[in-house]
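Spelled out from the first residue to the last, the chains are:
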Amino acid sequence: MPVTVLLVDDEPLVRAGLRAVLEAQPDIEVVGEAADGAAVIPLVRRLRPDVVAMDVRMPLMDGIEATRALLRTVDAPPRILVVTTFEDDEFVYEALRAGADGFLLKRARPAEIVHAVRLVAEGESLLFPASVRRLAARYGDAGPAARAPLSAAGLTEREAEVLRLMARGLSNAEIADRLVVGTETVKSHVSAVLAKLGARDRTQAVIAAYESGFVAPG
């Protein structure tokens, strides 16, 4: 079955470009388009895409609010890939905090766009450690309210180590190589970290790690 994608962007040329890149792949199908975040929920309910490629800045409902609404109201929501012009945009960080699974720059090369969609569709998170560190340093809140959930999570020493490596952008396979364990063991640790932090996915866990001060963003 192909990976199905819904494109959400207020610029027709951007949607057309993304469609051309993605539909050139035999394993990806663009099932719909929208020009604003307000149209996302009914389209997702009707089309059931695997991935929503969502512009972060739109005139009526931006990608942040659309992400929140989608995760709040749709059962088994699709993966959300924020598409943005500027990687250091506060809107990007807020979208990640809201539950987006990663972000992609509009100037990305076609191969990078295809890789991003496939990766997110497989359940991975698309994070660029240097960019996330900068975003966390600029926009993150490391106050007591941010520190409390992670400090009370009760992570084991190995789970804490896995979280630090996740925050550095390492995949499960790379973490397994670093720790000299099997990938299934890493997956178990990642699942435990997500459960203890109450995080939807790796992105949310990494954001929590930075905002709590557990991993230094600088």
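The rules behind each value
Residues numbered from 1 in each chain as written. Predicted model: local features only at pLDDT ≥ 70, side-chain atom pairs only at ≥ 80, totals over all residues. Heavy atoms only, no water. Axes fitted to C-alpha atoms, helices over the stretch in contact; angles between N-to-C directions. Helix = DSSP H or I, 4+ residues; strand = E, 2+ residues; numbered from the N terminus. Parallel < 35°, antiparallel > 145°, perpendicular 65-115°, else oblique. Contact = heavy atoms within 4.5 Å. Nonpolar A, V, L, I, M, F, W, Y, C, P; charged D, E, K, R; others polar. Pairing = 2+ DSSP bridges. Right-handed = clockwise from strand over helix to strand, strands pointing away. Core = buried A, V, L, I, M, F, W, Y, C linked by side-chain atoms within 4.5 Å. Buried < 20%, exposed > 50% of the residue type's maximum accessible area, 1.4 Å probe, protein only. pLDDT = per-residue confidence, 0-100.

**Q** So what's going on with the packing of helix H1 (residues 12–23) against helix H5 (residues 110–121)? Residues and values would help.
**A** How two helices pack is summed up by the angle between their axes together with the distance between the axes. Between H1 and H5, the shortest axis-to-axis distance is 9 Å and the interhelical angle comes to 75°. Judged on the interaxial angle alone, H5 and H1 are roughly perpendicular. Note on element contacts: H5 touches H1 through Pro 110, Ile 113, Val 114 and Val 117, opposite Leu 18, Val 21 and Leu 22. For the contact of H1 with H5, the residue count by class is seven nonpolar, no polar and no charged.

**Q** Break down the pairing of strand S2 (residues 28–34) for me, with residues and values.
**A** The side chains of a regular strand alternate between both faces of the sheet. Bridge count for strand S1 (residues 3–8) against S2 is six bridges, and the pairing is parallel. From the neighbouring strand, Val 3 faces S2, where its bridge partner is Ile 28. What joins S1 to S2 is H1, and the crossover it makes is right-handed.

**Q** Describe the nonpolar core, listing the residues and the values that go with them.
**A** In this structure, Val 8, Val 44, Val 52, Met 54 and Leu 70 are the most contacted members of the largest nonpolar core, which totals 26 residues. When contributions to this core are tallied by element, the ones reaching two or more residues are S1, helix H2 (40–47), strand S3 (51–55), helix H3 (63–73), strand S4 (79–84) and helix H4 (90–98). Here Val 44 is in contact with Leu 6, Pro 49, Val 52, Leu 70, Val 74 and Pro 78, once residues within four sequence places are set aside.

**Q** Break down the side chain of Thr 84 for me, with residues and values.
**A** Assignment of secondary structure puts Thr 84 in strand S4. Setting aside anything within four residues of it in sequence, one finds Thr 84 in contact with Val 56, Val 92, Phe 103, Leu 104, Leu 105 and Lys 106.

**Q** Summarise the confidence of the model for the protein; cite the residues concerned and give the values.
**A** Summarising the model, the protein shows a mean pLDDT of 85, and 85% of its residues fall at 70 or more. Low pLDDT (under 50) marks residues 143–147, which in the prediction has five contacts with non-local residues, meaning those over four places away or in another chain.

**Q** Which residues make up the environment of Glu 184, and what values go with them?
**A** Relative to the helices and strands, Glu 184 is located in helix H10 (residues 183–197). For Glu 184 and Ala 173, which are eleven residues apart along the polypeptide, the C-alpha to C-alpha distance reads 9.3 Å.

**Q** Lay out unusual backbone geometry in plain terms, naming residues and giving numbers.
**A** Despite not being glycine, Ala 76 has its phi angle at roughly 50°, a positive value. The class of Ala 76 is exposed, set by a relative accessible area of 63%. The phi dihedral of Val 180 is positive, around 55°, even though this residue is not glycine. Within the secondary structure, Val 180 sits in the loop between helix H9 (172–179) and H10. Of the residues examined, Val 180 reaches a relative accessible area of 71% and is grouped as exposed.

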